[in-house]
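Breakdown of the fold
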Amino acid sequence: MNSRERFLAACARTPADRRPVWLMRQAGRYLPEYRALKQKHNFVEMVRTPTLAAEVTLQPLRRFALDAAIVFSDILIVPEAMGQPYRFREEGGIAMEYALDQPEKIEQLNSKNIAERLDYLTRALQIVRREIGRETALLGFAGAPWTLAAYMAEGGGPAKEPAVARLAREQPGQFAKLMQKLAEAVAECLQMQIKAGADAVQIFDSWGALCPGEFYAEWSLRWIREVIAALPAKTPVILFAKGMAQHVAALKTTEAQVLSLDATVDVAAFRRANPEVATQGNLEPTLLEGEPEKVREEARRFLKTLTGPGHIVNLGHGVTPQAKVECVAALVETVTATPSSE
């Protein structure tokens, strides 16, 4: 099996010769070649320039035997395409051009023709697909409607008591209108990425934990379910809902084929309780900030806990800027050298 076949087999819970591995936010600021590129171009410029986005996507593949590449982009390109631009503050953090604090601003958002306005992402994916051929899996991604709404309603990084939750409680009609527009835009964005060559797509509900638990199914998962229903049935969908593994029964109703788990979850126990879903994750990201031998030791221990097919080795969140190249290499080498016990 080649890397692409191995990755897709895991998504389908089919036995393979070994478990596939890739890393969320795999380009990251830990690679010297990425840092060199960042000195010449800012983040948003790299996202919007197909050749630069493709170059950043490919950089990790040149160093490590990863089974999949995830296109270099940002979840906030969807709000921007809808008419609400974003930027990175000099002091750190995200700033949207404005907050959705009035009904007229929600009304003005345009969820149509998203693919046309995100043509730069299509072209980046096409470049990467040509470069990697059919040997390596290619992933697209988008933010979940709830997570995007958290940024949009706040006008930046959401607070502990997010504006989107107040909107949902106090103006349910406006909240529903916003979420419907987002679901349509996210679905079109993912459809576009699949047409451009993505083998699978990941939906990031990174701010799912800001949603009150009793409303999570209604305020977030309902809209993720709508997005997934609009995608080709044969395309694997990976759902990452950070901090929400306790809602596994509800997560499974989205029909995502793979549930990506954060580092707080006992993967072995989760898989025993939910054998019908494929899983992804969930090593502690700070592990890659230490020493290579410790990484090898922890990776071997982790692999021994996994039984049965259908797991993709990954971190429990993105690679940190402090990750060491030699630690990433140690993780990938350990996984790729370990035959599956399925």
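Here, the structure is the one placed above.
Here is what the cut-offs are and how they apply
All residue numbers here refer to positions counted from 1 along the written sequence of the relevant chain. Given that this is a predicted model, residues contribute local features only at a pLDDT of at least 70 and side-chain atom pairs are listed and counted only at 80 or more, while totals for whole chains, interfaces and linings are drawn from all residues. Heavy atoms from the whole structure form the basis of all side-chain values; hydrogens and water molecules are not counted. A run of H or I in DSSP becomes a helix once it reaches four residues, and a run of E becomes a strand once it reaches two; helices and strands are each numbered from the N terminus. This radius of gyration counts C-alpha atoms alone. The globule rule is 2.2 Å times how many residues there are, raised to the power 0.38. Working definition: with a 1.4 Å probe on protein chains only, accessible area under 20% of the residue-type maximum means buried, over 50% means exposed, and in between means partly exposed. Note on contacts: a residue pair qualifies if any of its non-hydrogen atoms lie within 4.5 Å across the two residues. For the area figures, the Shrake-Rupley method with a 1.4 Å probe applies, and any residue is considered shielded solely by the protein chains shown. Strands are labelled as partners when DSSP assigns at least two bridges between them. By convention, orient the strands away from the viewer: a clockwise path from the first strand over the helix to the second makes the crossover right-handed. Between N-to-C directions, angles span 0 to 180 degrees; the directions come from axes that are lines fitted to C-alpha atoms, helices contributing only their stretch in contact. When the centres of two rings from Phe, Tyr and Trp lie within 6.5 Å, Trp using its six-membered ring, the rings pair. Their planes under 30 degrees apart give stacked, over 60 give edge-to-face, and anything left gives tilted. The distinction between a cavity and a pocket rests on a 1 Å grid over the protein atoms alone: a 1.4 Å probe fits inside a cavity but cannot get out, while a pocket stays open yet meets protein on both sides within 12 Å along at least five of seven lines, and a residue with an atom within 4 Å of a point counts as lining. Grid points are joined across faces, edges and corners, and a volume is the space filled by probe spheres set on the points. Under the convention adopted here, Pro, Cys and the residues Ala, Val, Leu, Ile, Met, Phe, Trp and Tyr are nonpolar, Asp, Glu, Lys and Arg are charged, and Gly plus all remaining residues are polar.

Right, let's talk about the overall build of the chain for a bit. Broken down by element type, the chain carries 16 helices and nine strands. Taking 342 residues into account, the globule formula puts the C-alpha radius of gyration at 20 Å, and the chain, at 19 Å, falls close to it. For the chain, the spread of C-alpha atoms along the principal axes amounts to about 55 × 45 × 35 Å. Sorting the 342 residues of the chain into buried and exposed places 59% on the buried side. Partitioning the contacts of the chain with sequence separation of at least 6, the portion at a separation of at least 24 is 74%. Summed over its atoms, the accessible surface of the chain is roughly 14000 Å², and 50% of this surface lies on carbon and sulfur atoms.

For the rest of this paragraph, the subject is the pairing of strand 9 (residues 311-315). With five of its five residues buried, strand 9 lies for the most part within the structure. Residues His-311, Val-313 and Leu-315 of strand 9 are buried on one face, and the alternating residues Ile-312 and Asn-314, pointing to the opposite face, are buried as well. Relative to strand 9, strand 8 (residues 278-283) is paired through five bridges, and the arrangement is parallel. Counted as the bridge partner of Thr-279 is His-311 from strand 9. Where the polypeptide runs from strand 8 across helix 15 (residues 292-304) and back to strand 9, its parallel neighbour, the crossover connection is right-handed.

The next point concerns the sheet that holds strand 6 (residues 237-241). Within the open sheet, the seven strands sit side by side as 1-4-5-6-7-8-9. Their pairing is parallel. Each edge of the sheet is formed by a strand with only one pairing partner; in this case those strands are strand 1 (68-70) and strand 9. The average angle at which neighbouring strand axes cross in this sheet is 25 degrees, direction not considered. In terms of strand pairing, strand 7 (residues 258-260) meets strand 8 through three bridges, oriented parallel. The residue bridging Val-258 from the neighbouring strand is Ala-278, located in strand 8.

Another aspect to go through is the packing of aromatic side chains. Using the criterion set out here, one finds 11 aromatic pairs in the structure. Here the aromatic rings of Tyr-34 and Phe-72 are separated by 6.2 Å at their centres, their planes lie at 65 degrees, and the arrangement is edge-to-face. Here Tyr-34 is found in helix 2 (residues 32-38), whereas its partner Phe-72 is found in the loop between strand 1 and helix 5 (77-82), with 38 residues between them in sequence. Both residues of the pair, Tyr-34 and Phe-72, belong to the buried class.

Once that is clear, we can look at helix 9 (residues 145-154). Counting buried positions along helix 9 yields nine of 10 residues, so the element is predominantly enclosed. Regarding helix 9, the residues found buried are Pro-145, Trp-146, Thr-147, Leu-148, Ala-149, Ala-150, Tyr-151, Met-152 and Ala-153. A positive backbone phi angle near 85 degrees is found at Gly-155, which sits one or two residues after helix 9.

This paragraph deals with empty space enclosed by the protein. Scanning all chains against the criterion turns up two cavities of 30 Å³ or more. Estimates place the volume of the largest cavity at around 50 Å³. Broken down by secondary-structure element, the contributors of at least two residues to the lining of the largest cavity are strand 6 and strand 7. Of the residues that constitute the lining of the largest cavity, the class distribution is seven nonpolar, one polar and one charged.

Cis geometry marks the peptide bond from Gly-281 to Asn-282; its omega dihedral reads -15 degrees. Mapped onto the elements of the fold, Asn-282 is located in strand 8. The phi dihedral of Arg-13 is positive, around 60 degrees, even though this residue is not glycine. Its place among the elements puts Arg-13 in the loop between helix 1 (3-11) and helix 2. If you check the backbone angles, Glu-255 has positive phi at about 75 degrees while not being a glycine. Relative to the assigned elements, Glu-255 resides in the loop between helix 13 (248-252) and strand 7. Residue Glu-255 is classed as exposed on the basis of its relative accessible area of 57%.

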